[in-house]
Amino acid sequence: MFKQRVVFVHGAGSFGAAAWPRQHGMALSYDALFLRRHGYDAAAEPVDSSFTEDTAIILRSLGDDGRGAAGGHVVAHAQGAIAAMMAAVERPDLVFSLTLVEPACLSLTAELPATAAHIRLMQPLFDVRHQLSDDDFQREFVRRIYATDLQQPATTEEKRSARRLRLQEPSWEAPLHIVPGVPTLVLTGGWEPLYEEIAGYLRETGALHRVAAGGHRPQDSRDGDRAIRQFISGVGRSQAARAS
């Protein structure tokens, strides 16, 4: 039985299947791929992030790799949403739908109030990130974003996570300035004006916007997971109806 492909693109922190615990069951109905963005590897040392490399990873995952058809749905979280949108702009024929969870697409809204304030807060830190240690950068990043202190990384994976964070390109510098014309759902947690501002911008360009509990990870809530599944299912049914 042929299954449509769904590609999951993580943000910072957990990657691969570990970033999408609520969505594992979608593999029963879809050909689900849980990607690892550039620089995310369980064994190799982290490297500088790349919007271009991430976009290429997504587009390769949507190719016809022997399954008899190309294309699929893309679900992306936070920084992963940048490359997801870039992939849809470059190859809209391959992206059946976009589900953007708390998308960090700040280059689209850089002149709007919440985004501009965020950039003013974080730009000075990113300007000196190559002069800071991984621990110092992560500590200051968390302090500025969440107004709290963070314990020093202890395990090997915690140290790698701190390095990946420091090596991330600033999201407001992404070469993303237009919105792809594909069916799009934006899912936010309703907790942070920055993400609601981005969601509002995308809603004005035609996206569907839903809010679910869960802070920065609404996909982990029952309502958020349901919204993702219903949206992809609805787009799939519409495609089948047009093809018949």
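All of these numbers come straight from a predicted model, not from anything done at the bench.

1. Some points on the overall build of the protein chain
Scanning the protein chain from N- to C-terminus turns up seven helices and six strands. Taking 2.2 N^0.38 as the reference for a compact globule, 244 residues should give roughly 18 Å; the C-alpha atoms of the protein chain span a radius of gyration of 18 Å, in line with that estimate. Oriented by its inertia axes, the alpha-carbon framework of the protein chain measures out at about 60 × 40 × 30 Å. In the protein chain, which comprises 244 residues, the proportion classed as buried is 50%. Contacts in the protein chain between residues far apart in sequence, at least 24 positions, make up 71% of those at least 6 positions apart. Averaging the locations of the 26 positively and 29 negatively charged side chains of the protein chain gives two centres separated by 6 Å.

2. Brief notes about the side chain of His118
Looking at the secondary structure, you find His118 in helix 3 (residues 113–127). The exposure class assigned to His118 is buried, which follows from its relative accessible area of 17%. Non-local contacts of His118, meaning those with residues more than four positions away in its chain, are made with Leu106, Ile145, Trp172 and Leu194.

3. What about the pairing of strand 1 (residues 5–9)?
Across the five residues of strand 1, five count as buried, placing the element largely inside the fold. By the alternation rule, side chains of strand 1 split into Arg5, Val7 and Val9 and Val6 and Phe8, which are all buried. Looking at chain direction, strand 1 and strand 3 (residues 72–77) are connected through four bridges and run parallel. Bridged to Val7 within strand 3 is Val74.

4. Structural notes on the pattern of salt bridges
Counting across every chain of the model gives 16 salt bridges. Asp136 is the partner of Arg139 in a salt bridge, and the nearest nitrogen-oxygen pair spans 2.8 Å. Residue Arg139 and its partner Asp136 are located together in helix 4 (residues 134–146), separated by three residues, close to a single helical turn. Judged by its relative accessible area of 24%, Arg139 falls in the partly exposed class. Accessibility expressed as a relative area gives 37% for Asp136, which makes it partly exposed.

5. Here we look at the packing of helix 3 against helix 6 (residues 193–204)
Between helix 3 and helix 6, whose axes approach to 8 Å, the crossing angle comes to 135°. Our classification of the angle between helix 3 and helix 6 gives oblique. In this structure, the crossing between helix 3 and helix 6 has a hand that is left-handed. Across the interface between the two elements, Pro113, Ala114, Thr115 and His118 from helix 3 touch Pro193, Leu194, Glu197 and Ile198 from helix 6. The residue makeup of the contact of helix 3 with helix 6, split by class, is five nonpolar, two polar and one charged.

6. Things to note about unusual backbone geometry
Its identity is not glycine, yet Ala78 carries a phi of approximately 50°, on the positive side. By secondary structure assignment, the location of Ala78 is in the loop between strand 3 and helix 2 (80–90). On the accessibility criterion, Ala78 (1% relative accessible area) is buried. With phi around 45°, Glu102 is a residue other than glycine that occupies positive phi space.

7. Focus: helix 4
Over its 13 residues, helix 4 extends 18 Å from the first C-alpha to the last, a length consistent with the 18 Å expected when each residue adds 1.5 Å. What helix 4 keeps buried is the set Asp134, Phe137, Gln138, Phe141 and Val142. Seen end-on, helix 4 carries its buried residues on one side only, within an arc spanning 125°. At its buried positions, helix 4 is contacted by helix 3 and helix 5 (156–166). Directly after helix 4, the chain includes Ala147, whose backbone phi takes a positive value near 55°.

Thresholds, definitions, all that
- All residue numbers here refer to positions counted from 1 along the written sequence of the relevant chain.
- The model is predicted, so local features are restricted to residues of pLDDT at least 70 and side-chain atom pairs to those at 80 or more, both for listing and for counting; the totals for chains, interfaces and linings are taken over all residues.
- Only hydrogens and water are set aside; all other atoms, that is, all heavy atoms of the structure, feed into the side-chain values.
- Helix and strand definitions here come from DSSP, where helices need a minimum of 4 consecutive H or I residues and strands a minimum of 2 consecutive E residues; each element is numbered from the N-terminal end.
- For the radius of gyration, the atom set is restricted to C-alpha positions; the globular benchmark scales as 2.2 Å times the number of residues to the power 0.38.
- Throughout, exposure labels follow a simple rule: accessible area from a 1.4 Å probe, protein chains only, divided by the maximum for the residue type, with under 20% read as buried, over 50% as exposed, and the rest as partly exposed.
- Contacts are residue-level and defined by heavy atoms, with any inter-residue pair within 4.5 Å sufficient.
- Neither His nor the chain ends contribute to the count of charged residues, in which Lys and Arg are positive and Asp and Glu negative.
- For this purpose, a charge sits on NZ of Lys, CZ of Arg, CG of Asp or CD of Glu.
- Following DSSP output, two strands are said to pair if at least two bridges run between them.
- Just to be clear on terms, a salt bridge is a Lys or Arg side-chain nitrogen sitting within 4 Å of an Asp or Glu carboxyl oxygen.
- Orientation is described by lines fitted to C-alpha atoms, with helices fitted over the stretch in contact, and by angles between N-to-C directions that extend from 0 to 180 degrees.
- Every angle not falling under 35 degrees, over 145, or within 65 to 115 is termed oblique; those three ranges are roughly parallel, roughly antiparallel and roughly perpendicular.
- Rotating anticlockwise by less than a right angle from the far helix to the near helix defines a left-handed crossing, while the corresponding clockwise rotation defines a right-handed one.
- Gly is placed with the polar residues, together with every amino acid not listed as nonpolar (Ala, Val, Leu, Ile, Met, Phe, Trp, Tyr, Cys and Pro) or charged (Asp, Glu, Lys and Arg).
- Take the residue count of a helix, subtract one, and multiply by 1.5 Å to get its expected span.
- Relevant arc is that of directions from the helix axis to the C-beta atoms, nothing else.

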